[in-house]
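# Secondary and tertiary structure notes
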Amino acid sequence: MMDPDYELFARAVEAGSLSAAGRMLMISPAMMSKRIARLEARLGVRLVHRTTRRLALTEEGAILHRDIVAILEAIAQAEDRVTNRLRSAIGPLRVSAPTSFGRLHVAPHVGGFLAAYPAIELELNLTDAYVDLLAEQIDVAIRITSDIPASLDAQLLAANRRILCASPAYVAEHGAPERIEDLARHRLLAADGQLPWRLVNGRGRKLVDGRSHVRTNSSEIVRELALSGVGIALRSLWDVGPQLAEGQLVRLLYGWEGPGDLGVHAVYPRAAFRPPVVDAFVGFLRDRFEGAPWNAAGSRERS
């Protein structure tokens, strides 16, 4: 780091006098003179012929001033390069997203995002495993959760409404449950760790326990099993919205849904400064999700 006395010397030369430089730096002329004298003593040369009104450089002072100015300009240029890079959405961006959500709702927007931000180098990793953002050097992760760790900041991108559904073929063969208690005699479908189901309506809450008719670690398999008539599933609207609209699935037990505490979040390490590449990506997805038929929430930031 450059000695502050060098910068003070350069300012004094530019101002033309100790009093003028002192007014700019809010330092008395006596202190200005003392600090320049300290610099001269350390270097063992006389740098200026000075009074409070006028400075005249010695030959050694002119050489030092020229070199200090060059160094200060180089530092300013380096700072500009760094801050401009940070202010612009430029450079690498590593993103993690759940497999099914990433395939259905992130990957289709990648082309538009890169067209809008051609200087971003995107890496998109899809996984259903929990990702440690710092250990894996992930800039932003998409998570469907209600639990945001204190070490992370988050923006809510979309609601995550979950409804009970089955195929028309399943309903034709097994009938539709009329009460929540009827689920006990039906075939339930859930990925590992997704049962019991917590369900709510306007009057209360119910816990639906049981075992999945087919064991699987994949939520995508659960959707496909429901479509093929194997059983009843609790699925997110972002996952089965088109199938419901097309009649491939029918909603069951209207009024009962998964709790509204889960949301689709963009999460990123908590820091004083957030890279523009992260803001660009999160803002782009938020805008795309805002009008999606499966999203009934606006976005908000938790910090």
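Residues numbered from 1 in each chain as written. Predicted model: local features only at pLDDT ≥ 70, side-chain atom pairs only at ≥ 80, totals over all residues. Heavy atoms only, no water.

### Some details on the overall build of the protein chain
Stated precisely, the cut-off is as follows: Every helix listed is a DSSP run of H or I at least four residues long, and every strand listed is a run of E at least two residues long, numbered separately from the N terminus. Here the globule rule is a power law, 2.2 Å times the number of residues to the power 0.38, and the radius of gyration is based on C-alpha atoms. When a residue's accessible area, from a 1.4 Å probe over protein chains only, is under 20% of the maximum for its type it is buried; when over 50% it is exposed; and in between it is partly exposed. Any two residues having at least one pair of non-hydrogen atoms within 4.5 Å are treated as being in contact. The Shrake-Rupley method, run with a 1.4 Å probe sphere, supplies the accessible areas, and residue values consider only the shown protein chains as cover. Charge counting treats Lys and Arg as positive and Asp and Glu as negative, with His and both chain ends excluded. By convention, the point assigned to a charge is CZ for Arg, NZ for Lys, CD for Glu and CG for Asp.
Tallying secondary structure elements over the protein chain gives 10 helices and 14 strands in all. Relative to its length of 303 residues, the protein chain is extended, with a C-alpha radius of gyration of 32 Å against a globular reference of 19 Å. Considered along the principal axes of its C-alpha atoms, the protein chain spans approximately 105 × 40 × 30 Å. Per-residue burial for the protein chain yields a buried fraction of 43% across its 303 residues. Taking the intrachain contacts of the protein chain between residues at least 6 apart in sequence as the baseline, contacts between residues at least 24 apart amount to 73%. Approximately 16500 Å² of the protein chain is accessible, and the part contributed by carbon and sulfur atoms is 52%. Charged side chains of the protein chain number 37 positive and 35 negative; the gap between the two group centres comes to 5 Å.

### Things to note about the pattern of salt bridges
Definition in use: Salt bridge criterion: a side-chain nitrogen from Lys or Arg within 4 Å of a carboxyl oxygen from Asp or Glu.
Scanning the entire structure with this criterion turns up 17 salt bridges. Asp-5 is the salt-bridge partner of Arg-38, the closest N and O atoms lying 2.9 Å from each other. Of this pair, Arg-38 sits in helix α3 (residues 29-43) while Asp-5 sits in helix α1 (residues 4-15); the two residues are 33 residues apart in sequence, bridging distant segments of the chain. For Arg-38, a relative accessible area of 47% corresponds to the partly exposed category. Between Arg-251 and Glu-257 there is a salt bridge; the shortest N-O distance is 3.0 Å. Comparing Arg-251 with Glu-257 shows no difference in burial state: the two are buried. Members of the salt-bridge network, linked through shared partners, are Arg-103, Glu-220, Arg-223, Glu-224, Arg-235 and Asp-239.

### Comments concerning the pairing of strand β4 (residues 120-126)
Test applied: By definition, two strands form a pair when at least two bridges between them are found by DSSP. Seen with its strands pointing away from the viewer, a crossover is right-handed if its path from the first strand over the helix to the second goes clockwise.
Bridge analysis of strand β3 (residues 91-97) against β4 gives 7 bridges, and the strand direction is parallel. Counterpart to Ala-97 in the pairing with β4 is Leu-126. Considered for its hand, the β-α-β crossover made up of β3, helix α5 (residues 99-116) and β4 is right-handed.

### Brief notes about the side chain of Asp-153
What counts here: By the criterion applied in these results, polar contacts are pairs of N or O atoms within 3.5 Å in which, for protein atoms, one can donate a hydrogen and the other can accept it, and in which residues neighboring in sequence qualify only through two side-chain atoms.
Relative to the elements of secondary structure, Asp-153 occurs in strand β6 (residues 152-159). Residue Asp-153 is classed as buried on the basis of its relative accessible area of 6%. Engagement of the side chain of Asp-153 in a polar contact is seen with the side chain of Arg-270, the distance being 3.0 Å.

### Examining the side chain of Asp-5
On the basis of relative accessibility, which here comes to 3%, the residue Asp-5 falls in the buried class. A distance of 2.8 Å separates a polar atom in the side chain of Asp-5 from a polar atom in the side chain of Arg-35. Here the side chain of Asp-5 touches Arg-38 through a polar contact of 2.9 Å, side chain to side chain. Setting aside residues up to four positions removed in sequence, Asp-5 forms contacts with Arg-35, Arg-38, Leu-39 and Arg-42.

### A closer look at the nonpolar core
What counts, and what does not: We call a set of buried Ala, Val, Leu, Ile, Met, Phe, Trp, Tyr and Cys residues a nonpolar core when their side-chain atoms join them within 4.5 Å.
Membership of the largest hydrophobic core comes to 38 residues, with the highest contact counts inside it found for Leu-93, Phe-101, Val-140, Ile-142, Leu-157, Phe-281 and Trp-294. In terms of residue count, the dominant contributor to this core is helix α10 (residues 276-290) (8 residues). Contact partners of Phe-281, with chain neighbours within four places excluded, come to Leu-93, Val-95, Val-106, Phe-113, Val-140 and Ile-142.

### Description of the packing of α1 against helix α2 (residues 18-25)
Applicable threshold: Under this scheme, a helix contributes an axis fitted over its contacting stretch, all axes are lines through C-alpha atoms, and angles between N-to-C directions fall in the 0 to 180 degree range. Angles below 35 degrees are treated as roughly parallel, those above 145 as roughly antiparallel, those between 65 and 115 as roughly perpendicular, and all remaining angles as oblique. With the far helix as reference, a near helix turned anticlockwise by less than a right angle produces a left-handed crossing, and one turned clockwise produces a right-handed crossing.
Running from N to C, α1 and α2 cross one another at 120°; their axes reach a closest spacing of 8 Å. With respect to α2, the axis of α1 lies oblique. The chirality of how α1 crosses α2 is right-handed. For the pair α1 and α2, the contacting residues are Leu-8, Arg-11, Ala-12 and Ala-15 in the first and Leu-18, Ala-20, Ala-21, Met-24 and Leu-25 in the second.

### Here's the deal with the packing of aromatic side chains
So the rule is basically this: The criterion for an aromatic pair is that two Phe, Tyr or Trp rings (for Trp, the six-membered ring) have centres within 6.5 Å, with stacked assigned to planes under 30 degrees apart, edge-to-face to planes over 60 apart and tilted to the rest.
Under the criterion given, the structure shown has 7 aromatic pairs. Aromatic pair Phe-101 and Trp-238: ring centres 5.0 Å apart, planes at 85°, arrangement edge-to-face. You can see Phe-101 sitting in helix α5 and its partner Trp-238 sitting in helix α9 (residues 237-245), a full 137 residues away along the chain. Among the residues examined, Phe-101 registers a relative accessible area of 0% and is labelled buried.

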